[in-house]
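Residue strings, one per chain:
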Number of protein chains: 2
Amino acid sequence: MVVENELTDDEVDRIFQALADTTRRDIVTRVLRQEQSVSALAGHYRMSFAAVQKHVAVLERAALVTKRRRGREQVVHGNVATLRRAAGLLEDYEQIWRGRARAIEDLLAEEVPPGDRGAQ
Amino acid sequence: MVVENELTDDEVDRIFQALADTTRRDIVTRVLRQEQSVSALAGHYRMSFAAVQKHVAVLERAALVTKRRRGREQVVHGNVATLRRAAGLLEDYEQIWRGRARAIEDLLAEEVPPGDRGAQ
DNA sequence: GTTTTCTACAACCATTTGGTTGTATGTTAG
DNA sequence: CTAACATACAACCAAATGGTTGTAGAAAAC
């Protein structure tokens, strides 16, 4: 394991599920660049305010964004730690794959003992 | 952009959607470790063969796995390139965030011109 | 105070998802 | 050839998803 990740299956489900929508990914990029109120976010899309509100709620349940009250508006900001964890998970998969590749290499090295090279 | 990624929104949707299920993530880890036939995979889960077949189909549409015929069985192997791309996307988000952090730093540096340190 | 703005939330709807069973087809074993 | 095995695929179902409209409350503006 590259990094201790302590995420439950459900949490990982929610993270990837939340990322599996273009609008939500766009919201994430926007709030990573600069935190914004929900209505400011809603202004960027052609869907209803309530729809955007729901998208933000999905991202919030996945801990990809957090809301903070500021006066009458609720300002959304990105949660880079969760993104880092998700990236870490994917990197773990790569490591598994490399581990297998390594094992195959080792196996081949065993089959062709040192000093026996050259024979097919 | 860290790496040229040339994925459409729909493709990214499918990748994250496919990863948003514990069974499917488990299938990915298994076939990354060692390629397996669909029925061999199905043996590991308490759901029906058809259900596992559907999960594999979802992973295949996302290009996370590929099937190869071998006799009467269809052997599934993991597609590490797609995983790498997904990881790259998440790393891009981190970069956006770091970019903003950098911009804030620069802004602060402007507000407190050189030689004026020590105040606040 | 009244009005406007921003948010929350419920109810509803169409579509997708994740599962089932059943049937058909191709491939290997005897 | 026949039987067993591995896969494909359709039909069906309950639950979740992504959208809508409408109503209500809280905070700010006037």
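Model, not experiment: these values are computed from the prediction.

Enquirer: Requested: an account of the packing of helix α2 (residues 22-33) of chain A against helix α4 (residues 49-61) of chain A, with residues and values cited.
Expert: Packed helix pairs are characterised by how far apart their axes lie and by the angle those axes make with each other. Residues and elements named next belong to chain A. Orientation of α2 relative to α4, taken along the N-to-C sense of each, is 75°, at an axis distance of 10 Å. Classed by the angle they form, the pair α2 and α4 counts as roughly perpendicular. Two secondary-structure elements touch here, α2 through Thr23, Arg24, Ile27 and Val28 and α4 through Val52, His55, Val56, Val58 and Leu59. Along the lines of polarity and charge, the residues of the contact of α2 with α4 split into 6 nonpolar, 2 polar and 1 charged.

Enquirer: How would you summarise the protein's contact with DNA strand C if you had to cite specific residues and measurements?
Expert: The local shell around DNA strand C holds 21 residues, among which Ser39(A), Gln74(A), Ser48(B), Lys54(B) and His55(B) are the closest. For DNA strand C, the fraction of atoms within 4 Å of the protein that belong to sugar or phosphate moieties is 63%. Gln74(A) places a polar side-chain atom, nitrogen or oxygen, 2.5 Å from a phosphate oxygen of DNA strand C. Counting residues per element, the ones that place at least two in the surface near DNA strand C are α3 (38-42), α4 and β3 (73-78) of chain A together with α4 (49-61) of chain B. Split by residue class, the surface near DNA strand C holds 6 nonpolar, 8 polar and 7 charged.

Enquirer: Could you give an account of unusual backbone geometry, with specific residues and numbers?
Expert: Residue and element names in this part refer to chain A. A positive phi angle is found at Ala63, which is not glycine, with a value near 65°. Of note, Ala63 is situated in the loop between α4 and β2 (65-70). Judged by its relative accessible area of 34%, Ala63 falls in the partly exposed class.

Enquirer: Residue-level account of the pairing of β2(A), with values.
Expert: Residue and element names in this part refer to chain A. Of the strand pairs in this sheet, β2 and β3 are connected by 6 bridges, and their pairing is antiparallel. What sits directly across from Val65, in β3, is Gly78. Here β2 folds back onto β3 in antiparallel fashion, the turn holding 2 residues, of which Gly71 has a positive phi close to 65°.

Enquirer: Residues and numbers for the relation of the copies chain A and chain B, please.
Expert: Expressed as a screw operation, the relation of chain A to chain B combines 0.0 Å of axial shift with a rotation of 180°, fitting to an RMSD of 0.0 Å. Given the turn and translation reported, the copies of this chain are related as if by a two-fold rotation axis. Mapped onto chain B, 100% of the interface residues of chain A again fall at the interface, so both copies present the same surface.

Enquirer: Let's hear about the pattern of salt bridges: which residues, and what values?
Expert: Counted under the stated rule, the structure contains 18 salt bridges over all chains. Arg25(B) is the salt-bridge partner of Asp13(A), the closest N and O atoms lying 2.8 Å from each other. With Asp13(A) in helix α1 (residues 9-19) and Arg25(B) in helix α2 (residues 22-33), this pair bridges two chains. In this structure, Asp13(A) and Arg25(B) share a single accessibility class: buried. In this structure, Arg70(A) engages Glu73(A) in a salt bridge whose closest nitrogen and oxygen atoms are separated by 3.3 Å. Each of Arg84(A), Glu91(A), Glu94(B) and Arg98(B) takes part in salt bridges that share partners, so that together they form one network.

Cut-offs and rules
Residues numbered from 1 in each chain as written. Chains lettered and ligands numbered in written order. Predicted model: local features only at pLDDT ≥ 70, side-chain atom pairs only at ≥ 80, totals over all residues. Heavy atoms only, no water. Axes fitted to C-alpha atoms, helices over the stretch in contact; angles between N-to-C directions. Helix = DSSP H or I, 4+ residues; strand = E, 2+ residues; numbered from the N terminus. Parallel < 35°, antiparallel > 145°, perpendicular 65-115°, else oblique. Contact = heavy atoms within 4.5 Å. Nonpolar A, V, L, I, M, F, W, Y, C, P; charged D, E, K, R; others polar. Near = heavy atom within 4 Å. Polar contact = N/O pair within 3.5 Å; in protein donor to acceptor, adjacent residues only side chain to side chain. Buried < 20%, exposed > 50% of the residue type's maximum accessible area, 1.4 Å probe, protein only. Pairing = 2+ DSSP bridges. Least-squares fit on C-alpha atoms with pLDDT ≥ 70 in both. Salt bridge = Lys/Arg side-chain N within 4 Å of Asp/Glu carboxyl O.

From the geometry alone we can't say anything about function, so treat these as descriptive.
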